[in-house]
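A structural walkthrough
One letter stands for each residue in the lines below.
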Amino acid sequence: MTVNNLWYKQAVIYELNVRGFYDANSDGVGDLAGVTAKLDYLQHLGVDLIWLLPIMKSPLRDGGYDVMDMQDINPNFGTLDDFVTLVKETHRRGMRIMVELIPNHTSDQHPWFQASHDPSHPEHEKYKDYYIWSDTDQMFSQARIIFLDYEKSNWTFDPIRGQYYWHRFFHHQPDLNYDNPEVQRAMLRTVQFWIDLGVDAIRVDAPPYLFEREGGSSENLPESHAYYKRLRSFVEAYSPEIMLLAEANQWPEETIKYFGEGDEFHMNFHFPLMPRLFMALAKSDRTPIDKILARTPELNKSCQWGIFLRNHDELTLEMVTEDERKFMWDFYAPEPEMRLNLGIRRRLAPLLDNDQRKIRLMHSLLLSFMGSPVLYYGDEIGMGDNIKLRDRDGVRTPMQWDDSINGGFSDVEPQKLRIPVIDNEVYGYQKVNVKAQLADPSSLLNWLKIMIVIRKQHSVFGEGTLTLCSPKKKSILAYVRENELEKILVINNFSSKPQKISFEEMGIDDVELQDVLNLYQPVILEGRELELEAYGFRWLKVGPF
């Protein structure tokens, strides 16, 4: 594979849940060997980087984000040898692998915590300060409680040690103490371990919360940024082609700090953008997108946004106003079971009423907007969700490969599946599956494959500038992507009705236009106007050619 340290700027990322992707050993749980078995599918789809949800050893009380050994594989998923095989086979196909690093906390089953909380443990003295302990639950009182549905405090009393321990998330996930230099070094050794196994990228979970200080929210502290600069420096010296991706769910003015001066993270998700894409669609009004982009700073040339429509968590509504959150809940999640924490636990297709026009419009945005796009497994075929399942399992159901038992995910008896496959009239595996869509030239899957091919033909989508146009009709979101090679105008219609758009008011002069999505056919205009169908979109290359 050719070395290109900016490879991530052109990457199409595919996020998958290993235990829900494919069961290769017939035990009812997806595994690493199952991912390896489906690499040809991912290659054919056009994937560049495969993002694996947590695969480290874990009691799985929080989907693997509760780690009990940072340098071993969850035995449900296989072995370290299975992982090495997956990496090798992924690289052989010209793709890359990204794994999760959870630096903020561990499981309470981690040997470090077991030693820390028990004064009689033979290694208590070594690990007693690996976590944050207090005689009271009053410290850091201004820090918000993130999982309000489950936790009433960020402190939990431990009767064995006789003190409270600090946790920003679930009570069974105690936070590590980064004021302890040994903890800092242990995390760097973990990063080195996974790089040695051949990974190409590391997604860093929950980066705003490493340190705690009195008198504020204990988020985005200078100490945290200092540690991430140290992490980046370590990675640059050890393996400079590795990409670090931050999961900082913050407002743009805070998020931008996680790039540093090009010396912290290479990539960060633009979380505030995501709900505003759905808000704009619901209101047929691009204004929410205009406003958040006005708050979005320019990036260093080596840095990149990561954008997505949906992922493994709820559609988070943390970075919206209370009125906006109420509107989004009322519009997209009218039933209480559809809501979780401060968000909506629905997959893409159900969110969009399974309307293929809306689904394709949103993918047009995903593939042509700023940054590197992330596809969530199953969304490429329009999979549904199961709001009856606990917590986030509803959007992590098994991949639907065909119409055989369990959707081709596993050949065990259905009752032995850890999470049941979707089985209903609209989204059931009998109807919605990879095999059926591969055989249908007009399917969402085949359309998306073509869209990814077209995106890859134009470097402007990964590295070009983005300039908003401002047509009078608020239902139209238009922007120009431009680099030294080409200029492409993208127009999206959020309205349920056809709309006419004037090129003059978008600042596009009397130039030639070619339809990028239609084999570069010349665009025929009537009086310098273009009509878009309901929820329609166009990618137009701007001449001269």
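This text follows the structure it describes.
Residues numbered from 1 in each chain as written. Predicted model: local features only at pLDDT ≥ 70, side-chain atom pairs only at ≥ 80, totals over all residues. Heavy atoms only, no water.

Focus on the overall build of the chain
This is how it is decided: Counting from the N terminus, the helices are DSSP H or I runs at least four residues long and the strands are E runs at least two residues long. Here the term buried applies to any residue with accessible area under 20% of the maximum for its type, exposed to any over 50%, and partly exposed to those in between, with areas from a 1.4 Å probe on protein chains only. Each accessible area is a Shrake-Rupley estimate made with a 1.4 Å probe; only the visible protein chains count as cover when residues are assessed. Only four residue types enter the tally: Lys and Arg on the positive side, Asp and Glu on the negative side; His and the chain ends are excluded. To locate a charge, the coordinates of NZ of Lys, CZ of Arg, CG of Asp or CD of Glu are taken.
On a plain count of helices and strands, the chain comes out with 16 helices and 24 strands. Structurally, the chain occupies a C-alpha span of about 85 × 55 × 50 Å along its principal axes. Taking all 545 residues of the chain together, the buried fraction comes to 62%. Accessible area of the chain: about 21200 Å², with a carbon and sulfur share of 49%. Taken together, the 60 basic and 82 acidic charged side chains of the chain have centroids lying 3 Å from each other.

Points about the sheet that holds strand β17 (residues 465-468)
Applicable threshold: Paired strands, as defined in this entry, are two strands with at least two bridges between them according to DSSP.
As summarised here, the arrangement of the six strands in space is β17-β18-β19-β24-β21-β22, forming an open sheet in which the pairing is antiparallel. Bordering the open sheet on either side are β17 and β22 (521-522), each of which pairs with just one other strand. Both strand β19 (residues 487-493) and strand β24 (residues 537-542) contribute to a ladder of five bridges, which runs antiparallel. For leucine 489, the partnering residue across the bridge sits in β24 and is leucine 540.

Some points on the sheet that holds strand β7 (residues 155-158)
Strand order in the open sheet made by the three strands is β6-β8-β7, with antiparallel pairing throughout. Edge strands, defined here as strands with exactly one partner in the open sheet, are β6 (133-134) and β7. Summarising the sheet, β6 and strand β8 (residues 163-166) pair through two bridges and their orientation is antiparallel. The residue of β8 that forms the bridge with tryptophan 133 is tyrosine 165.

As for the packing of helix α9 (residues 273-283) against helix α10 (residues 287-294)
To be explicit about the condition: Here, axes are lines fitted to C-alpha atoms. For helices the fit covers the stretch in contact, and angles between N-to-C directions go from 0 to 180 degrees. In these notes the angle categories are as follows: under 35 degrees is roughly parallel, over 145 is roughly antiparallel, 65 to 115 is roughly perpendicular, and the rest is oblique. We call two residues contacting when some pair of their heavy atoms lies within 4.5 Å.
Two elements in contact, α9 and α10, have axes whose closest approach is 7 Å; the angle formed by their N-to-C orientations is 155 degrees. With respect to α10, the axis of α9 lies roughly antiparallel. Each of Leu273, Arg276, Leu277, Met279 and Ala280 in α9 lies in contact with α10, whose residues at this interface are Pro288, Ile289 and Ile292.

Describing the packing of aromatic side chains
Counted only if it meets this: For this analysis, a ring pair means two rings from Phe, Tyr or Trp (six-membered ring only for Trp) whose centres lie within 6.5 Å, classed as stacked if their planes differ by under 30 degrees, edge-to-face if by over 60, and tilted for the remaining angles. In our convention, an over-ring charge means Lys NZ or Arg CZ found within 6 Å of a ring centre and within 35 degrees of that ring's normal.
Under the definition given, this model contains 40 aromatic pairs. Their ring planes at 65 degrees and their centres at 5.1 Å tell us that tryptophan 155 and tryptophan 166 sit as a pair that is edge-to-face. Here tryptophan 155 is found in strand β7, whereas its partner tryptophan 166 is found in strand β8, with eleven residues between them in sequence. Ring pairs connect the aromatic residues Tyr14, Phe21, Tyr41, Tyr376, Tyr377 and Trp401, which therefore count as one cluster. Above the plane of the ring of tyrosine 22 lies lysine 38, whose end atom (NZ or CZ) is 4.6 Å from the centre.

Topic: the pattern of salt bridges
Condition: When a carboxyl oxygen of Asp or Glu lies within 4 Å of a side-chain nitrogen of Lys or Arg, that pair is called a salt bridge.
One pass over the structure, following the stated rule, counts 36 salt bridges. When the shortest N-O distance is used, the salt bridge between aspartate 40 and arginine 93 registers 2.7 Å. Of the two residues, aspartate 40 sits in helix α2 (residues 39-45) while arginine 93 sits in the loop between α3 (80-92) and β5 (96-101), which places them 53 residues apart along the sequence. Judged by its relative accessible area of 48%, aspartate 40 falls in the partly exposed class. The residue glutamate 89 makes a salt bridge to arginine 93 at a minimum N-O spacing of 3.0 Å. Take glutamate 89: its relative accessible area is 17%, and that puts it in the buried class. Since its relative accessible area comes to 17%, arginine 93 is described here as buried.

Describing unusual backbone geometry
One non-glycine residue, serine 218, lies in the positive phi region at around 60 degrees. Counting through the fold element by element, serine 218 comes out in the loop between β9 (201-204) and α7 (222-238). Note on serine 218: relative accessible area 2%, which makes it buried. Positioned with a positive phi, aspartate 353 is a non-glycine residue whose angle comes to about 60 degrees. Along the chain, the position of aspartate 353 falls in the loop between α12 (348-351) and α13 (356-368). Its relative accessible area of 58% is what places aspartate 353 among the exposed residues.

Focus on the environment of phenylalanine 83
Position of phenylalanine 83 relative to the elements: it lies in helix α3. Phenylalanine 83 gets classed as buried once you look at its relative accessible area, which sits at 0%. With 115 residues separating them in the primary sequence, phenylalanine 83 and glycine 198 have C-alpha atoms 9.4 Å apart. When sequence neighbours within four positions are dropped, the list of residues in contact with phenylalanine 83 reads Leu32, Leu52, Ile55, Ile73, Ile97, Val99, Trp194, Leu197 and Val199.

Some points on the packing of helix α6 (residues 181-196) against α7
Put simply, the test is: Two helices crossing with the near one rotated counterclockwise from the far one by less than a right angle form a left-handed crossing, whereas a clockwise rotation gives a right-handed crossing. For this classification, the nonpolar set comprises Ala, Val, Leu, Ile, Met, Phe, Trp, Tyr, Cys and Pro, the charged set comprises Asp, Glu, Lys and Arg, and every other residue, Gly included, is treated as polar.
Contact geometry for α6 and α7: axes closest at 11 Å, N-to-C directions at 35 degrees. Between α6 and α7 the crossing geometry is right-handed. Residue-level contacts link Gln184, Arg185, Met187, Leu188, Val191, Gln192, Ile195 and Asp196 of α6 to Tyr227, Arg230, Leu231, Phe234, Val235 and Tyr238 of α7. Of the residues contributing to the contact of α6 with α7, the split by class is nine nonpolar, two polar and three charged.

Considering α13
For the record, the criterion: Here the expected length of a helix is defined as 1.5 Å per residue gap, with one fewer gap than residues.
Across its 13 residues, α13 extends 18 Å between first and last C-alpha, which sits within 8% of the 18 Å expected from 1.5 Å per residue. Most of α13 sits inside the fold, with eleven of its 13 residues counted as buried. Within α13, burial applies to Lys358, Ile359, Arg360, Leu361, Met362, His363, Ser364, Leu365, Leu366, Leu367 and Ser368.

Topic: α6
The terminal C-alpha atoms of α6, which comprises 16 residues, lie 23 Å apart, in line with the 22 Å expected from a rise of 1.5 Å per residue. Just beyond α6, the residue with positive phi is glycine 198, at close to 110 degrees.

Some details on the pairing of β24
Sheet topology note: the strand β21 (residues 513-515)/β24 ladder contains three bridges and is antiparallel. Paired with aspartate 515 across the strands is leucine 540, a residue of β24.

What about the side chain of glutamine 304?
Note the threshold: N or O atoms closer than or at 3.5 Å make up a polar contact, with two conditions inside protein: a donor-capable atom paired with an acceptor-capable one, and, for residues adjacent in sequence, both atoms drawn from side chains.
Of note, glutamine 304 is situated in strand β12 (residues 304-308). Judged by relative accessible area, which is 5%, glutamine 304 ranks as buried. Among the polar contacts made by the side chain of glutamine 304, one reaches the side chain of serine 372 at a distance of 3.1 Å. Apart from the residues within four sequence positions on either side, glutamine 304 is in contact with Tyr8, Lys9, Phe259, His266, Met267, Asn268, Leu299, Gly371, Ser372 and Gly462.

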